[in-house]
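# Observations on the three-dimensional arrangement
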Amino acid sequence: MARAIAAAARVRCITSPNPWVGAVLRSAGGELFEGATMEVGGAHAEVTALAAAGDAAAGSTVYVTLEPCSHTGRTGPCADVLIAAGVARVVVAVEDPDERVRGRGIERLRAAGIQVDVGLYADRVRHQLAPYLKHRTTGRPYVVLKLAASLDGGTAAPNGTSQWITSPAGIADGHRLRAESDAIVIGAGTVRHDNPSLTVRDYQPPVIRQRGDVDPVRVVLGSAPPDALVQPCREMHGPLEEVLDDLGRDGVLQVLVEGGASVAGQFHRAGLVDRYVIYLAPALFGGGDARGLFTGPGVYTVDELWRGRFLSVERVGDDLRVEMEPADAAEPADEQTEGA
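Residues numbered from 1 in each chain as written. Predicted model: local features only at pLDDT ≥ 70, side-chain atom pairs only at ≥ 80, totals over all residues. Heavy atoms only, no water.

## Overview of the pairing of strand S1 (residues 22–26)
Of all 5 residues that make up S1, 4 are buried, and the element is covered over most of its length. Judged from the 5 bridges that link them, S1 and strand S2 (residues 32–36) form a sheet pairing that is antiparallel. Bridge pairing in S2 places Leu25 opposite Phe33. Hairpin connection from S1 to S2: 5 residues lie between these consecutive antiparallel strands, with Gly30 at a positive phi of about 95°. By the bridge criterion, 4 bridges tie S1 to strand S3 (residues 61–66) in an arrangement that is antiparallel. Along S3, the bridge assignment pairs Val24 with Tyr63. (Buried < 20%, exposed > 50% of the residue type's maximum accessible area, 1.4 Å probe, protein only. Helix = DSSP H or I, 4+ residues; strand = E, 2+ residues; numbered from the N terminus. Pairing = 2+ DSSP bridges.)

## With respect to helix H3 (residues 78–85)
Along H3, the residues that are buried comprise Cys78, Ala79 and Leu82. End-on, the buried residues of H3 take up no more than an arc of 105°, which puts them together on one face. Looking at the buried residues of H3, the elements they touch are helix H2 (45–53), S3, strand S4 (89–94) and helix H4 (104–111). (Arc of directions from axis to C-beta. Contact = heavy atoms within 4.5 Å.)

## Thoughts on the sheet that holds strand S11 (residues 275–281)
If you walk across this open sheet you meet the 8 strands as S9-S8-S7-S10-S6-S11-S13-S12, and the pairing is mixed. Each edge of the open sheet carries a strand with a single partner, namely strand S9 (234–236) and strand S12 (308–316). Taken over all neighbouring pairs, the strand axes of this sheet differ in orientation by 25° on average, direction set aside. Across 4 bridges, strand S7 (residues 183–187) lies against strand S10 (residues 254–259) in parallel orientation. The residue bridging Ile186 from the neighbouring strand is Gly259, located in S10. (Axes fitted to C-alpha atoms, helices over the stretch in contact; angles between N-to-C directions.)

## Some thoughts on the side chain of Arg178
Tracing the chain through its elements places Arg178 in helix H7 (residues 168–180). There is a polar contact of 2.7 Å between the side chain of Arg178 and the backbone oxygen of Thr199. At 2.7 Å, the side chain of Arg178 forms a polar contact with the side chain of Glu258. When residues no more than four places from it in sequence are discounted, the contact partners of Arg178 are Ile184, Leu198, Thr199, Val200, Arg201, Val214, Pro216, Leu256 and Glu258. (Polar contact = N/O pair within 3.5 Å; in protein donor to acceptor, adjacent residues only side chain to side chain.)

## Some thoughts on the sheet that holds S3
Pairing between the strands of a sheet is mediated by backbone hydrogen bonds and can be parallel or antiparallel. Taken together, the 5 strands give an open sheet; going across it, the order is S2-S1-S3-S4-S5, and neighbouring strands pair in mixed fashion. With one partner strand each, in any of the chains shown, S2 and strand S5 (115–118) form the two edges of the open sheet. Each adjacent strand pair in this sheet contributes to an overall mean axis angle of 15°, direction not counted. Together, S1, S2 and S3 form the strand contacts of H2, whose direction differs from that of S2 by roughly 145°. The sheet contacts of H4 involve S4 and S5, and relative to S5 the element is tilted by about 150°.

Coordinates in, geometry out; function isn't part of it.
In structure tokens:
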């Protein structure tokens, strides 16, 4: 399953709005064959692994990160392909919450006499597929808020200058987040002040789309000048909840909020952020007049302090990347395998 998770990670930037899924087939003789979901309209992970295995699929065990589908969409049901190939056992990390599946793939496999075990490395896969799982569960995209600051919390100097606080490695890692996202959200004020292009320039995904590039849809909250570098963009208005609902209906699985400080504060205070990614540079403004991560009203007392949970702290070039989630987010489940 660990190899299946790694295979899924390699196709992270090409499968949306489908989930990025990995599969590993272990033949009766112990040979291993890997597969991963292709671009929209292409084969799913189980099918690519079966194709790699050929006749060795008979009597095999297939490890797959997400429940095999049981419906016909752009491709046929993967459960039927596994049955036809004569596999003996399927190990699934997590069930698919999509209303067209929701356990039906597992039921179909078991009805055909195939042993199915569920839950191996479930916590790792839930983290990997968090945007897909949230979208299929709530209809809204997974929201990642990206921030960059000096170690003393400054995002811009008093005169408004802000580029570049973090190192080239930190900037490139931020472009990875862009490549993994379906849309970037930015405020109209930041467009007018900084005129960013919001493209993926400093990151090369392991697997490249065959049809089109990896640049996400650029969403401006408000109106952007016609000559802004962010053009062409999607201009959206209204409450943030409605913006997310609209993007979710359009198949957007992950939104990257890049700012500025006003927009970041609005998403934070509304409780709409699923994951915070903060790049901290080894730099100090050294005073109280630098601009902070958020603008707008904060909590009044320490008793009201927002608290999250750290997910990781990693060095990226000269910077630190700190990832956290709200403290009330679901705790990772213990590793267990149903039926093992």
